[in-house]
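Single-letter residue listing:
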Amino acid sequence: MADDKVPKQVVTGAYMSGHLTLANADQESVKRTALFPVTYVFPEWSKRQSKALSKVEVVSKDSRSRSATPQPNSEEALNETIRDVKIGYLSKLSDDGAAEKIWNELYADYPKHIPLLLAQLTRLARSSDPLKHLDAVNRLVEEILTVTDPNEVKMYLGTKQENNDDPKVKQDMDQRKTAIIQALTTRAEVLADAHLKISTQEVPTSFRRGIVISEAGISVSDLPKSDIDKKPSVGDFQIVGDSDPNAPGSHSAAQNAEAADAEVPSTPNPPRVTLQEFDEAFLRLLEWVDAFEKPRVSLLTAKHAVANAQYGRAMKALQKCVEEKNGTNTKAAEIAMAELASQLGWEYISAAIKNTTLLKYPLDYHPF
């Protein structure tokens, strides 16, 4: 049936009823007697359904940051090129004073430029002491969420876009979604490390110090230099099998946890991040990603599991990290898995993981 023949008030589930006859036009008597009842039910009306959907008017990234695209070889185009170069160096500068100066200058001119906000957020999160920037991180994340408008992005992603032929709209929405995920992930990571440092749970050493992930692999952020320079030796191999708990050198899981906590350097006046704050940040992130979608999120899932004393789930998340980061140095994650196994009392598994780690990285292994 043609669209112009359908009544305007038709919705899904409506129907039209009548009679059908197969008689010719000149057979009036037959047409009045040979009638068959017919009911036509409207299923999901594709074209009308797309019009009935919530219409999301998308404001392009350019229109949010500037009124119009600058002309090539113009002064405005030059300024934006300089801006982008400075943003690229913002998270790479080792001089905090110089980086802060660049940030203040750019933020005064481009307060709603998403790449600038993300670069500053990354710089603070990767600083030597990200916990002292916790308030600034929270403010930046809220600014990013205000500019990207998560509700608008959800409306766009939750509606049909069959008739939307504008690739710029889709590209803009994808970029905004990526920015939202990056901001929420960064905040959850900072809150996770801050909470695990002060948690009253029996937190393994690696998680207490802070495990970080990068393109090069997985490492411990607060590892003492003596541990970094230390090379494995034959004495590091663990005896796999039944052992006497009273034998010299043997420790219970509780004793190992106490020793691990004693090795962690204390931070003066650490920020008080509660488990509830970390839970809220983590659950808000899960609105956008799966708990094991990427290695970075899997590691964050492991930290969340440790904070809630769910050590088995933490081992599963770390194993996912190791599998997805195959080909890079994941020694820190494997050591953390051994610590979790020891925390659960699985000393046999813990010793096996440690021995496997020593054999997996032979370049660092010096038997003499």
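Let me sum up the structure you'll find in this document. This is a predicted model, so every value here is computed, not measured. (Residues numbered from 1 in each chain as written. Predicted model: local features only at pLDDT ≥ 70, side-chain atom pairs only at ≥ 80, totals over all residues. Heavy atoms only, no water.)

If you tally the helices and strands in the protein, you get 17 helices and four strands. When contacts within the protein are restricted to residue pairs at least 6 apart in sequence, long-range pairs at least 24 apart make up 67% of them. Here the protein displays about 22,100 Å² of accessible surface, and carbon together with sulfur accounts for 53% of that area. (Helix = DSSP H or I, 4+ residues; strand = E, 2+ residues; numbered from the N terminus. Contact = heavy atoms within 4.5 Å. Areas by Shrake-Rupley, 256 points an atom, 1.4 Å probe, with all protein chains shown as cover.)

Moving on, we come to helix α4 (residues 75–90). For α4, which comprises 16 residues, the first-to-last C-alpha distance of 22 Å matches the rise-based estimate of 22 Å (1.5 Å per residue) to within 8%. Listed as buried for α4 are Ala 77, Glu 80, Arg 83, Ile 87 and Leu 90. Summarising the axial view, the buried residues of α4 lie within an arc of 135°, below the 170-degree limit, and thus occupy one face. The exposed set on the far side of α4, more than 90 degrees from its buried face, consists of Glu 75, Leu 78 and Tyr 89. (Expected span 1.5 Å × (residues − 1). Buried < 20%, exposed > 50% of the residue type's maximum accessible area, 1.4 Å probe, protein only. Arc of directions from axis to C-beta.)

On to the pattern of salt bridges. Enumeration according to the criterion identifies 13 salt bridges in this entry. Between Glu 142 and Arg 187 there is a salt bridge, with the nearest N and O atoms lying 2.9 Å from each other. Linking Glu 142 in helix α7 (residues 134–148) with Arg 187 in helix α9 (residues 167–198), this pair joins segments that are 45 residues apart in sequence. Given a relative accessible area of 35%, Glu 142 falls into the partly exposed group. (Salt bridge = Lys/Arg side-chain N within 4 Å of Asp/Glu carboxyl O.)

Bringing the nonpolar core into the picture now. Core analysis: the biggest nonpolar cluster contains 71 residues, and Phe 207, Val 306, Leu 318 and Leu 340 have the highest contact counts within it. Residue contributions to this core peak at 13 residues, all from α9. Counting contributing residues per domain, this core is built from domain 2 (75–195) and domain 3 (201–220 + 288–360), each supplying no fewer than three. Residues within four places of Phe 207 in sequence aside, it is in contact with Leu 196, Ala 302, Lys 303, Val 306, Leu 318, Ala 336 and Leu 340. (Core = buried A, V, L, I, M, F, W, Y, C linked by side-chain atoms within 4.5 Å. Domains from an automatic or database assignment.)

Taken as a whole, this structure holds two aromatic pairs when the rule is applied. Above the face of the Tyr 89 ring, Lys 92 is positioned so that its terminal group lies 5.9 Å from the ring centre. (Phe/Tyr/Trp six-rings, centres within 6.5 Å; stacked < 30°, edge-to-face > 60°. Lys NZ or Arg CZ within 6 Å of the ring centre and 35° of its normal.)

Here the focus is a nonpolar patch on the surface. Together, Leu 20, Leu 22, Phe 36 and Val 38 make up an exposed nonpolar region whose accessible area comes to about 400 Å². Owing to a relative accessible area of 69%, Leu 22 belongs among the exposed residues under this scheme. (Patch = residues over 30% accessible without salt bridge, like charges linked within 9 Å, V, L, I, M, F, W, Y side chains within 5 Å.)

This part is about the packing of helix α6 (residues 114–125) against α7. The axes of two packed helices give the description: the angle between them and the distance between them. Packing of α6 against α7 brings their axes to within 10 Å, and their N-to-C directions diverge by 160°. Between α6 and α7, the angle falls in the class roughly antiparallel. Crossing of α6 over α7 shows left-handed handedness. Contact residues: Ile 114, Leu 117, Leu 118, Gln 120, Leu 121 and Leu 124 in α6; Ala 136, Val 137, Leu 140, Val 141, Glu 143, Ile 144, Val 147 and Thr 148 in α7. A per-class count over the contact of α6 with α7 returns 11 nonpolar, two polar and one charged. (Axes fitted to C-alpha atoms, helices over the stretch in contact; angles between N-to-C directions. Parallel < 35°, antiparallel > 145°, perpendicular 65-115°, else oblique. Left-handed = near helix turned anticlockwise from the far one by under 90°. Nonpolar A, V, L, I, M, F, W, Y, C, P; charged D, E, K, R; others polar.)

Turning our attention to the pairing of strand β1 (residues 15–20). Counting buried positions along β1 yields zero of six residues, so the element is predominantly exposed. In terms of strand pairing, β1 meets strand β2 (residues 36–41) through six bridges, oriented antiparallel. Paired with His 19 across the bridge in β2 is Pro 37. (Pairing = 2+ DSSP bridges.)

The next point concerns helix α13 (residues 275–285). One turn of an α-helix holds 3.6 residues; hence residues three or four places apart share an orientation. Phe 278, Asp 279, Ala 281, Phe 282 and Leu 285 are the residues of α13 that are buried. Looking straight down α13, one finds that the buried residues subtend no more than 165° of arc, so they occupy a single side. Opposite the buried face of α13, at more than 90 degrees from it, the exposed residues are Gln 276 and Leu 283. Contact partners of the buried residues in α13: α9 and α14 (295–307).

The subject of this paragraph is the side chain of Thr 301. By the secondary structure assignment, Thr 301 is in helix α14. Relative accessible area serves as the criterion here: at 0%, Thr 301 is assigned to the buried category. If we skip the residues at most four places from it in the chain, Thr 301 touches Phe 282, Ala 291, Phe 292, Arg 313 and Ala 317.

Everything listed here is a matter of coordinates, which is why it stays silent on function.
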